[in-house]
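# Per-entry structural report
Residues per chain are reported as follows:
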Amino acid sequence: MPYGQLKDTAFEIYIHIPFCIKKCLYCDFLSAPASGEAVGRYVDALIKEIKAAGKQSGGRVSSVFVGGGTPTVLSEAHLTAIFDALHASFRLEEGAEITVEANPGTLTAGKARALKEAGVNRLSLGLQSVFLKDLRMLGRIHTFEDFLISLDHAQNAGFRNINADLMFALPGQTRKEWEQCLLRTAALPLTHISAYSLILEENTPLYRNHPPLPPEDDEYAMYEDTNDILSACGFTQYEISNYARNGFPCRHNLGYWKRVPYLGLGLGASSLWQETRYKNTSDMPSYLENAQAPLRLQQEKEYLTRRDAMSESMFLGLRLTQGVSKKAFQKDYGIAPEVIYAPIIKKYTETGLLNNQETHLSLTRKGIHVSNTIMAEFLL
Amino acid sequence: MTDQSKIRNFCIIAHIDHGKSTLADRIIEKTGLLTEREMQDQILDNMELERERGITIKSQAVRVVYKARNGEEYIFNLIDTPGHVDFNYEVSRSLAACDGAILVVDAAQGIEAQTLANVYLALDNDLDVFPVINKIDLPSAQPERVINEIEDIIGIEAQDAPRISAKTGLNIEDVLEQVVERIPAPKGDPKAPLKALIFDSVYDSYKGVIVFCRLMDGTVRKGTNIKMMATGFTAEVVEVGYFGAGQFIPCEELSAGMVGYLTASIKNVRDTRVGDTVTDKNRPCAEALPGYKKVNPMVYCGLYPADGARYGDLRDALEKLQLNDASLFYEPETSVALGFGFRCGFLGLLHLEIIQERLEREYNLDLVTTAPSVIYKVHKTNGEVIDLTNPTNLPDPSEIEYMEEPIVKAEIMVTTEFVGSIMELCQERRGQYQGMEYMEETRAMLRYRLPLNEIIYDFFDALKSRSRGYASLDYELDGYERSDLVKLDILVNKEEVDALSFIVFGGSAYERGRKMCEKLKDEIPRQMFEIPIQAAIGSKIIARETVKALRKDVLAKCYGGDISRKKKLLEKQKEGKKRMRQVGNVEIPQKAFMSVLKLDEN
């Protein structure tokens, strides 16, 4: 989207549900165990915010993503109410991708049906590992069998576009185990697999206390194995950590990497709106009090200059296997990326970390492994 | 005119932390020049840095009025002296401006190497010294033991020594009375030709250089045409005065026996060298006061701005510091690795550290410092001798006949239980044992001749750590000696990093090279390719390490589109890169240049 163009653009919506049954040991995200009353107050506030935001923003919605936390800890009634408000307040494009994150053990048959009826057409299930020892170590509340049951509910409710999240480079994990994990997951009726290497965040219990992590060379190999195994099973990598069957990349996520505007609703949700990035407050009492007036929720506002936006286009776009489209960059900023980034492009092309093709700039396989180092250099 | 018999010019000598500054504060307080409210904690140490380090860098003076028990009023000129071996010469000139000295000894710790050195310096300058036992309020105080020690070791009478607590103010009057009784009044003829000793000078942006002096003979007043006998500089006096606490108080004239200051629109402290004699240009004295010498830097290092764009700021800051510090030397130099900077000369390591800290703190500069070096004398085959201050400038080995390095005479005072480990340390550092004396049953004074270059690395730290902090050191330069010296170069990714080259004793080269490589391996972050780090003498590689190539550096999930968080991480990474120096293809953190200064850690 050309820099600064504000009107007539489709945008995305992210809705945050900051509750789960129990926080995982590696999680440093905004979520907390839910109590019935608190959940009720939050959903009321969220609906107020949805309605208020809908009045303020015209335009079409190309995708919706409900994430958490664990959105499926909400009751069927709550889930339905949220989607009712959403449909009433925003103009969703026909065929818009609508995803809900669900954790095994919380997706009942009833909830799956309710979501389907609410217009949800994609589910993202947090599996992380097929091995119980890994799930226990991570503090997950479910087993692989729980996942299979949830998947079954999803399919019975009519879902055909389903993602599973996996994690590798787990403490104590071997290459062989990861290979098993991939093969068993890829054999399931899924359209999409996300495979993230575990990042131990400070301030998490796992950071403070965990078995030894696999050596770096193993982690490197596991990443390569992921691509080999999944592509053999019919999944194509389209982003650093994401693999999809033909035609099923997550459109919502692609939007993030291509700087499609998005509106974040709910506690602590991030937005990119009119070349400004901001976040809703992370303070629950303040959210509950001000939800009907979304402007009051906005924090950490950062207006993006053209240079900021260009930097973002590069470091976000390079996450995609396809890379950054030179034509799109030229169209958005009126200048070719080779002009601005000539020395960096030269340096990394020569060292075999960057592909400078006719239409796109992308990371090589070698480059993906050290993507941070390269992306940092594209910041203007 | 002030009655000479009512003047007392004295200083306080003490080991670091034995309470010199606190006693000075009490003296100022008890003489009633200031109310308690006006008292800063330590008036003489008015530089912030000095206070934090607990030492005095620049000597200063204060004039107070004391009404003695005999009913008479006395003028006390208390001259403060720096307490570190780096400033030995300044100490000796400050002492020369006095007629007597108070020796402060800590009642718990007793005499230290520095104490002895300063007492001998005072006795050399014919000062009358009387001891004061401080910190008698400490539970560990052993005044009797310390008194015996003073009598045995220094040989001055100490039974009458006031036993005080400068901290609480206990028995300070006894000290003041003893100043009157035991320190002689100055002598000198006010009508003789002017003869004044410069013991310090500071630069003031309004008055120019303010010269601190002690008048030995004659009188000086506004309009006197003065001449500095060593530098030959002449000027007309604009103002004379004495030292209030923290301020300059102008007066009519200064005459023989008095301590005060003069200004004469002097632009540069280099014209008013400490130790020089001020005389009347029109009526000069017959000969200058003895003891003047031009102090030369002993230790050199390169100072570079971390941000190359601040080269001009660094130059301005050095210029300003030099206004007040004639012993600071600097000249521009260029390094392939570090860009534009300065080769700076210092009196010693402490002086170096102080200047470095002042540049960083007062001038807000981020600095990269190269390894300190002494001055080597390089005798070339063509008969030429060069003073080498920067290892990079070492001529080709084929042109070198031989090299000499500076040697110091060191005295180390240590409790007997650590004698063995300190001797071992000195041996490791190529020390030549000169003897040992027992000061008392439990303490000994070790005498060594040591190469200065072995002292400037981390000798102090090693000394402290091997004696649990109890050893103290004093040293003075004792000439040059021929030595087997080599230049050790460090190659990063096959490229020589000039800023890391240094001169080292041939026998220690391998050890030092290996440690350098190990340290650099830890300091240089992994990059996209493997980086060999090598230590070399000439073309011969003597040690090597490898920084493995970076394999993994990926940020995973962007939770719920929180791009800002990811961007911040990337920005941090980019910031880190900015603090790197590019040498060939390799980025070397500035920290790495400094880390090699302390190789013997842990």
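Predicted model, so just to flag it, every value in this text is computed and none were measured.

## What about the overall build of chain B?
Along chain B, the regular secondary structure elements total 14 helices and 33 strands. Accessible surface for chain B amounts to roughly 24,900 Å². Of this, 45% is attributable to carbon and sulfur atoms.

## Looking at the overall build of chain A
When helices and strands are counted, chain A shows 16 helices and 17 strands. Every one of the 380 residues in chain A was classed for burial, and the buried ones make up 59%.

## Things to note about the interface of chain B and chain A
Taken residue by residue, the interface counts 27 residues in chain B and 43 residues in chain A. Of the roughly 3,300 Å² buried at the junction of chain B and chain A (both faces included), carbon and sulfur atoms supply 56%. It is Met528, Arg551 and Lys552 of chain B in chain B that bury the most area against chain A; as a group they hold 21% of the surface buried on that side. The interface formed by chain B and chain A holds 7 salt bridges in total. With a shortest N-O distance of 3.4 Å, Lys279 of chain A and Asp562 of chain B are connected by a salt bridge. The tally of links from chain B across to chain A stands at 6 residue pairs in polar contact (both at pLDDT 80 or more). Here the side of chain B that touches chain A gets 11 residues from one element, more than from any other, and that element is helix H13 (residues 563-578) of chain B. Taken together, the residues of the side of chain B that touches chain A sort by class into 9 nonpolar, 4 polar and 14 charged.

## A look at the sheet that holds strand E5 (residues 128-134) of chain B
All names here are of chain B. Spatial strand order, E2-E3-E1-E4-E5: 5 strands in an open sheet with mixed pairing. Two strands bound the open sheet, and with one partner strand each, they are strand E2 (61-67) and E5. Within this sheet the neighbouring strands show an average axis-to-axis angle of 30°, counted without direction. Relative to strand E3 (residues 73-79), E2 runs antiparallel, the two being bridged by 7 bridges. Across the sheet, the residue bridging to Val62 is Leu78, located in E3. Of the strands in this sheet, strand E1 (7-14), strand E4 (100-106) and E5 touch helix H4 (residues 113-124), which is tilted by about 155° from E1.

## With respect to the environment of Lys494 of chain B
Of note, Lys494 of chain B is situated in the loop between strand E27 (485-492) and strand E28 (495-496). Each C-alpha atom, one on Lys494 of chain B and one on Gly584 of chain B, is 9.1 Å from the other, the two residues being 90 residues apart in sequence.

## Considering the packing of aromatic side chains
Taken as a whole and judged by the stated rule, the model has 22 aromatic pairs over all chains. For the pair Tyr300 of chain B and Phe329 of chain B, a centre-to-centre distance of 5.8 Å together with 70° between the ring planes defines the contact as edge-to-face. A residue pair is termed long-range when its members are at least 10 positions apart, and Tyr300 of chain B in strand E16 (residues 299-305) and Phe329 of chain B in strand E17 (residues 329-335) qualify at 29 residues. Linked through ring pairs, Phe199, Phe212, Phe243 and Tyr261 of chain B together constitute an aromatic cluster. The ring centre of Phe235 of chain A lies 4.3 Å from the NZ or CZ of Arg245 of chain A, which sits over that ring. The ring of Tyr278 of chain A carries the charged tip of Lys301 of chain A above its face, separated from the ring centre by 6.0 Å.

## A short note on H13 of chain B
All names here are of chain B. If you check H13, its first and last C-alpha atoms are 22 Å apart, about what 16 residues at 1.5 Å a residue would give, namely 22 Å. Listing the buried residues of H13 in full gives Ile563, Ser564, Lys566, Lys567, Leu570 and Lys577. Summarising the axial view, the buried residues of H13 lie within an arc of 155°, below the 170-degree limit, and thus occupy one face.

## Description of unusual backbone geometry
A cis amide bond links Gly68 of chain A with the next residue in sequence, Gly69 of chain A, at an omega value of 20°. Even without glycine at this site, Gln274 of chain A takes up a positive phi of about 50°. With respect to the helices and strands, Gln274 of chain A occurs in the loop between strand E12 (270-273) and strand E13 (276-280). The phi torsion at Asn364 of chain B lies on the positive side, around 55°, for a residue other than glycine. In this structure Asn364 of chain B comes out as exposed when scored by relative accessible area, which is 59%.

## Description of the nonpolar core
Ranked by internal contacts, the top residues of the largest apolar core, which has 123 residues, are Ile13, Ile15 and Phe90 of chain A. Here the element with the most residues in this core is helix H1 (residues 36-56) of chain A; it accounts for 8 residues. In this structure, this core is formed jointly by two domains, domain 1 (10-257) and domain 2 (306-377) of chain A, each of which donates at least three residues. In this structure Ile15 of chain A touches Leu46, Ile50, Phe65, Val66, Gly67, Ile82, Leu86 and Leu265 of chain A, once residues within four positions along its chain are discounted. Membership of the second largest hydrophobic core comes to 51 residues, among which are Leu303, Leu394, Leu446 and Ala471 of chain B.

## Concerning the sheet that holds strand E15 (residues 324-325) of chain A
Strand order in the open sheet formed by 3 strands is E15-E17-E16 (chain A), and the pairing between neighbours is antiparallel. This sheet does not close on itself; its edge strands, each paired only once, are E15 and strand E16 (354-356) of chain A.

## Some remarks on the confidence of the model for chain B
All names here are of chain B. Averaged over chain B, the pLDDT score is 85; the fraction of residues at 70 or greater is 92%. Below pLDDT 50 for its whole length, residues 34-59 participates in 76 contacts with residues either more than four positions away or in separate chains. As scored by the predictor, the complex reaches a pTM of 0.65 and an ipTM of 0.83.

## Quick look at the environment of Gly257 of chain B
Its place among the elements puts Gly257 of chain B in the loop between strand E13 (253-255) and strand E14 (259-263). Taking the C-alpha atoms as reference points, Gly257 of chain B and Thr219 of chain B, separated by 38 residues in sequence, lie 9.7 Å from one another.

## Focus on the side chain of Ser89 of chain A
Residues and elements named next belong to chain A. Inspection of the secondary structure assignment puts Ser89 in helix H2 (residues 76-89). Separated by 2.7 Å, the side chain of Ser89 and the backbone oxygen of Ala85 make a polar contact. Among all residues touching Ser89, those that are not within four sequence positions of it are Ile50, Lys51 and Gly54.

## Section: helix H9 (residues 419-428) of chain B
Residue and element names in this part refer to chain B. Turning to H9, its buried residues are Val419, Ile422, Leu425 and Cys426. Burial along H9 is one-sided: seen end-on, the buried residues are contained in an arc of 125°. Residues of H9 that are buried sit in contact with strand E23 (400-415), strand E24 (432-440), strand E25 (443-451) and helix H11 (459-466). Following H9 by one or two positions, Arg430 has its phi on the positive side, about 65°.

Parameters and conventions
- Residues numbered from 1 in each chain as written.
- Chains lettered and ligands numbered in written order.
- Predicted model: local features only at pLDDT ≥ 70, side-chain atom pairs only at ≥ 80, totals over all residues.
- Heavy atoms only, no water.
- Helix = DSSP H or I, 4+ residues; strand = E, 2+ residues; numbered from the N terminus.
- Areas by Shrake-Rupley, 256 points an atom, 1.4 Å probe, with all protein chains shown as cover.
- Buried < 20%, exposed > 50% of the residue type's maximum accessible area, 1.4 Å probe, protein only.
- Contact = heavy atoms within 4.5 Å.
- Buried area = accessible area lost by both parts, 1.4 Å probe.
- Salt bridge = Lys/Arg side-chain N within 4 Å of Asp/Glu carboxyl O.
- Polar contact = N/O pair within 3.5 Å; in protein donor to acceptor, adjacent residues only side chain to side chain.
- Nonpolar A, V, L, I, M, F, W, Y, C, P; charged D, E, K, R; others polar.
- Pairing = 2+ DSSP bridges.
- Axes fitted to C-alpha atoms, helices over the stretch in contact; angles between N-to-C directions.
- Phe/Tyr/Trp six-rings, centres within 6.5 Å; stacked < 30°, edge-to-face > 60°.
- Lys NZ or Arg CZ within 6 Å of the ring centre and 35° of its normal.
- Expected span 1.5 Å × (residues − 1).
- Arc of directions from axis to C-beta.
- Core = buried A, V, L, I, M, F, W, Y, C linked by side-chain atoms within 4.5 Å.
- Domains from an automatic or database assignment.
- pLDDT = per-residue confidence, 0-100.

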